[in-house]
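# Structural characterization, general
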Amino acid sequence: FGTQPQPLALQSLWGFDEENLKAQASRIVFTNGLNDGWSVGGILKDLSPERGLLTINLPNGAHHSDLAHDFGEVDTPDVQAAHAKLIAVIGQWLKDVRSELGVVSAVDSTVVI
């Protein structure tokens, strides 16, 4: 097709590699459906739990199986567990940010999907 593979393009253009992410980013969850061929290029382990750079691998997941449909009993147990973990992690991040900013909310900050 007249193209050359560029496996390091994200690193070269934007510094999107593990070391730069650890230094510059926080509060990111990388999800990987391990039945997805793209997962081999994904971030498959927690980069920095203390900065919230987390990974959730779904052994039975496919491409976007964590995002592409309604949540519920039709999901495999690993997808259900991933949803529960995402809800807990993001809910805690929201509480943390509100606390850091001194925001008092009369509304419950529980994440509901």
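Our structure's up above, just so we're on the same page.
Residues numbered from 1 in each chain as written. Predicted model: local features only at pLDDT ≥ 70, side-chain atom pairs only at ≥ 80, totals over all residues. Heavy atoms only, no water.

### A few points about the overall build of the chain
Our working definition: What counts as a helix is a DSSP run of H or I of at least four residues, what counts as a strand is a run of E of at least two, and both are numbered from the N terminus. Note on exposure labels: buried denotes an accessible area under 20% of the residue type's maximum, exposed denotes more than 50%, and partly exposed covers the range between, all computed with a 1.4 Å probe on protein chains only. Every residue pair with non-hydrogen atoms within 4.5 Å of one another is taken to be in contact. For the accessible areas, the method is Shrake-Rupley and the probe is 1.4 Å, while residue cover comes only from the protein chains on display.
Scanning the chain from terminus to terminus reveals three helices and two strands. For the chain, the α and β elements follow one another from N to C terminus as α-α-β-β-α. Within the chain, the fraction of its 113 residues that count as buried is 27%. Restricting the contact set of the chain to residue pairs at least 6 apart, pairs at least 24 apart contribute 59%. Element-wise, carbon and sulfur atoms account for 58% of the exposed surface of the chain, whose accessible area totals about 8100 Å².

### Some details on unusual backbone geometry
We note that Arg27 has phi near 55°; this positive angle belongs to a residue other than glycine. Along the chain, Arg27 turns up in the loop between helix H2 (18-24) and strand E1 (28-33). One non-glycine residue with positive phi stands out, namely His64, at about 65°. The class of His64 is partly exposed, set by a relative accessible area of 40%.

### Topic: a nonpolar patch on the surface
We apply this condition: Patch construction takes residues with relative accessible area above 30% that form no salt bridge. Like charges are linked within 9 Å, and nonpolar side chains (Val, Leu, Ile, Met, Phe, Trp, Tyr) are linked within 5 Å. Here, a salt bridge means any Lys or Arg side-chain nitrogen found within 4 Å of an Asp or Glu carboxyl oxygen.
A surface patch of nonpolar side chains, about 480 Å² in accessible area, is lined by Leu10, Leu13, Trp14 and Phe16. Of note, Phe16 is situated in the loop between helix H1 (9-14) and H2.

Note that all results are geometric; they support no functional claim without further evidence.
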